[in-house]
Amino acid sequence: MPKLGIVISNYNGWQDTLACLESLGRQTFRDFEVVLLDDGSPNDSVRQLEPHLPPWVVFLPQKENLGFAAANNLGMKRALADGAEYVLLLNNDTVCAPDMLEQLLRHAPAGAVCCPKMLFLDAPQELWFAGGELDRRTMGVVHLGGHEPDGPAYSKPREVSFITFCCVLLPRAVVEQVGLLDESLFMYCEDVDYCLRLQDAGIPLWYLPQAVLWHKAGASGGGALSMYYITRNTLTLRCRGAGPAVRTLRGLRVLIPG
């Protein structure tokens, strides 16, 4: 049984996925299994991926697009069923430093949810994410260090209030306690929702800069569809638990800035 189950969802990005898998094949920590889902890609991703998958990859191609949350949930269920002690959700458009998994597992505080330092793939010394802050009132998030040069200010572990699910390490006990991702969100903001649930459960979130990856930011998103889901899901999260009048006012504040 693998200690770590790594869940990766591919949608039309087989070239990025193969680069990500190649970086995982160079890891100093080896006790892992990758659960790779193709989320109903309309291109030839499945045909391109299948001949190149190493034996430590479980491939689960889907016939239709389930969305980020549902695809990752399938992967988490498989990883847990296979006995993983930890689950790592990982974007397919990432390249991991050879010791990323080792450093994450070595430095993760007991019972905490953690993330590595994330740099831009096309600007390897520029930060994409060094931990995050979440405003529960607006559901807005801030990427700490975003677009700043990497340096000493971002080289110390710290507790944060938000972790992007581009890469997040979840202990098995946390998933069993907090549950899976909210599939009604389909894609975007599922990490905001999950971080809120983690906070409510008293589970700490940690940024661990000893672990490093590079992210091809925006490779799997962008455009009008992304904006629709971001806006819809932000409204959904802001309005949960509020009465009708408050829901209306909160919705208007998102749609009409100022």
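Bear in mind the structure is a predicted one, so any value in this text is a computation, not a measurement.

Asker: I would appreciate a short explanation of the packing of aromatic side chains in the present structure.
Answerer: Within a pair of aromatic rings, the relevant descriptors are the distance that separates the centres and the angle that separates the planes. Counted according to the given criterion, the structure contains 4 aromatic pairs. Seen in terms of ring centroids, Phe-129 and Phe-162 are 6.2 Å apart; in terms of plane orientation they differ by 80°. Their pairing is edge-to-face. Residue Phe-129 is found in strand β7 (residues 127-129), and its partner Phe-162 is found in the loop between β10 (158-160) and β11 (167-171); the two are separated by 33 residues along the sequence. Among the aromatic residues, those joined into a cluster by ring pairs are Trp-128, Phe-129 and Phe-162.

Asker: Can you help me understand the confidence of the model for the protein chain in this one?
Answerer: Keep in mind that low pLDDT regions are not for reading the predicted coordinates in detail. The share of residues in the protein chain with pLDDT of 70 or more is 82%, and the mean pLDDT across the chain is 88. In the model, residues 242-258 has pLDDT below 50 throughout and makes 13 contacts with residues more than four positions away in sequence or in other chains.

Asker: What exactly am I supposed to notice about the pattern of salt bridges here?
Answerer: For side chains of opposite charge, pairing can occur when their charged atoms come near one another. In total, this model carries 9 salt bridges according to the counting rule given. With its nearest N and O atoms 3.4 Å apart, the salt bridge here joins Arg-26 to Glu-22. Of the charged contacts, one joins Arg-106 and Glu-102 as a salt bridge, the two residues approaching to 2.4 Å between their closest N and O atoms. Here the residue Arg-106 and the residue Glu-102 both occupy positions in helix α4 (residues 100-107), the gap between them amounting to 4 residues, near one helical turn. When its relative accessible area of 25% is taken as the criterion, Glu-102 is described as partly exposed.

Asker: I would appreciate a short explanation of helix α6 (residues 190-200) in the present structure.
Answerer: Residue pairs spaced three or four apart in an α-helix point in one direction, given the helix's 3.6 residues per turn. Within α6, 8 of the 11 residues are buried, leaving the element largely enclosed by the surrounding structure. For α6, the set of buried residues is Glu-190, Asp-191, Val-192, Asp-193, Tyr-194, Cys-195, Leu-196 and Leu-198. Of the residues one or two after α6, Gly-202 is the one with positive phi, at around 75°.

What counts, and at which threshold
Residues numbered from 1 in each chain as written. Predicted model: local features only at pLDDT ≥ 70, side-chain atom pairs only at ≥ 80, totals over all residues. Heavy atoms only, no water. Phe/Tyr/Trp six-rings, centres within 6.5 Å; stacked < 30°, edge-to-face > 60°. Helix = DSSP H or I, 4+ residues; strand = E, 2+ residues; numbered from the N terminus. pLDDT = per-residue confidence, 0-100. Contact = heavy atoms within 4.5 Å. Salt bridge = Lys/Arg side-chain N within 4 Å of Asp/Glu carboxyl O. Buried < 20%, exposed > 50% of the residue type's maximum accessible area, 1.4 Å probe, protein only.

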